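Chains, contacts and geometry: an overview
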Amino acid sequence: MVRFGGVPMANEGFQSEDPTLERTFRGHKDGVTAVAFNPNMKQLVTASLDNSLMVWNFKPQMRSYRFSGHKAAVYSVAYSPTGDCIASGSKDRTIRLWAPGVEGKSSVLKAHTNTVRTVSFSADGRLLLSGSDDKTLKVHALTGGARFRQTMTGHMNWVRCAQFSAEARCAVSASDDKTVRLWDVHQNTCIHVYDDHFAAVNAVAFHPDGTCVASGGADAVVQLWDVRSKKLAQHYQGAHGGNVNSVAFHPSGNFLLTTSNDNTLKVWDLREGQLFYTLNGHEGAALCADFSPGGDYFASGGADEQVAEPSTLNPF
């Protein structure tokens, strides 16, 4: 977990150094595919190809615990905005909703007909968005008991990642069909198709203010599109030396965090339109990373089965 500091002023010089690995959370028996912070900043939850989730407590005296229930690899995990529910998506074609206690109690949603690659809560916690190898996105209502609400179709291949906009009027999705799609959730229609990637698109995210979306793909490219004009806003050719596996905006909207098969994490300064710094630490592909809700930290997971917690980064 990296402490993420402030922003240097234009007239202030500094020497920026990549953080060194201080410690790792170990417990998974295969690659770590997803990470998510509890909004209360007391825990981190991770998903893995070993069919399990693990909840890691930040206080050293409190042990971690494992959630078992999925019958195959788990590809996605998310905390609800209130922290009282964890959602996970799996190769076993199910979504599980977990009570985040040591008992690991869960309920099962069966809506997709193939691997569930992505799950994401709306900002108010009332809706859950999922995407699958069945080429669909599905919206689930969570108030008064979880229930299926609608299906959004249009992708021609696996849906790798999907996310609601802040007010959940829109959603964005990424697919192996090389496109990013913008959806009107209320009208249940595709508003626009971004087709500038030349390979599968693995990751997508809404900017915190909802004005643009970022994506990363197997073409090693990171792109940002303006949602209003539908035009390409920033393009980072060869952003990584391999597949881009995840993208995550800092809550301020000023930075973008990306992970890749080239074993690195990179932070991009979106105001300057350039790489801010590169982090090393995983002994294999960096599969996922996310910022904490306050933006003070971020954590990552990789094919090396580890959740990385590098030393404090303070070049500011």
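Above this text sits the structure in question.
All of the points below concern the structure found in this document. (Residues numbered from 1 in each chain as written. Predicted model: local features only at pLDDT ≥ 70, side-chain atom pairs only at ≥ 80, totals over all residues. Heavy atoms only, no water.)

Some points on the sheet that holds strand β3 (residues 32–37)
Strand order in this open sheet of four strands is β3-β4-β5-β6, and the pairing throughout is antiparallel. The two strands at the open ends of the sheet, each matched to only one other strand, are β3 and β6 (65–68). In this sheet, adjacent strand axes meet at a mean angle of 20° when their direction is disregarded. Across five bridges, strand β4 (residues 43–48) lies against strand β5 (residues 52–57) in antiparallel orientation. Note on β5: the bridge partner recorded for T46 is M54. (Pairing = 2+ DSSP bridges. Helix = DSSP H or I, 4+ residues; strand = E, 2+ residues; numbered from the N terminus. Axes fitted to C-alpha atoms, helices over the stretch in contact; angles between N-to-C directions.)

Some thoughts on unusual backbone geometry
Non-glycine residue A220 carries a positive phi angle of around 65°. A positive phi angle, near 65°, is found at K230, a position not held by glycine. Mapped onto the elements of the fold, K230 is located in the loop between β21 (222–226) and β22 (232–236). Among the residues examined, K230 registers a relative accessible area of 28% and is labelled partly exposed. (Buried < 20%, exposed > 50% of the residue type's maximum accessible area, 1.4 Å probe, protein only.)

Concerning the pairing of β4
Counting buried residues along β4, six of its six residues qualify, which places the element largely inside the surrounding structure. The alternating pattern of β4 places Q43, V45 and A47 and L44, T46 and S48 on opposite faces, both of which are buried. The sheet contact formed by β3 and β4 spans five bridges and is antiparallel. Note that in β4 the partner of A34 across the bridge is A47. Adjacent in sequence and paired antiparallel, β3 and β4 are bridged by five residues, among which M41 carries a positive phi angle near 60°. Counting the residues in the hairpin turn of β4 and β5 gives three residues, including N51, whose phi is positive at 80°.

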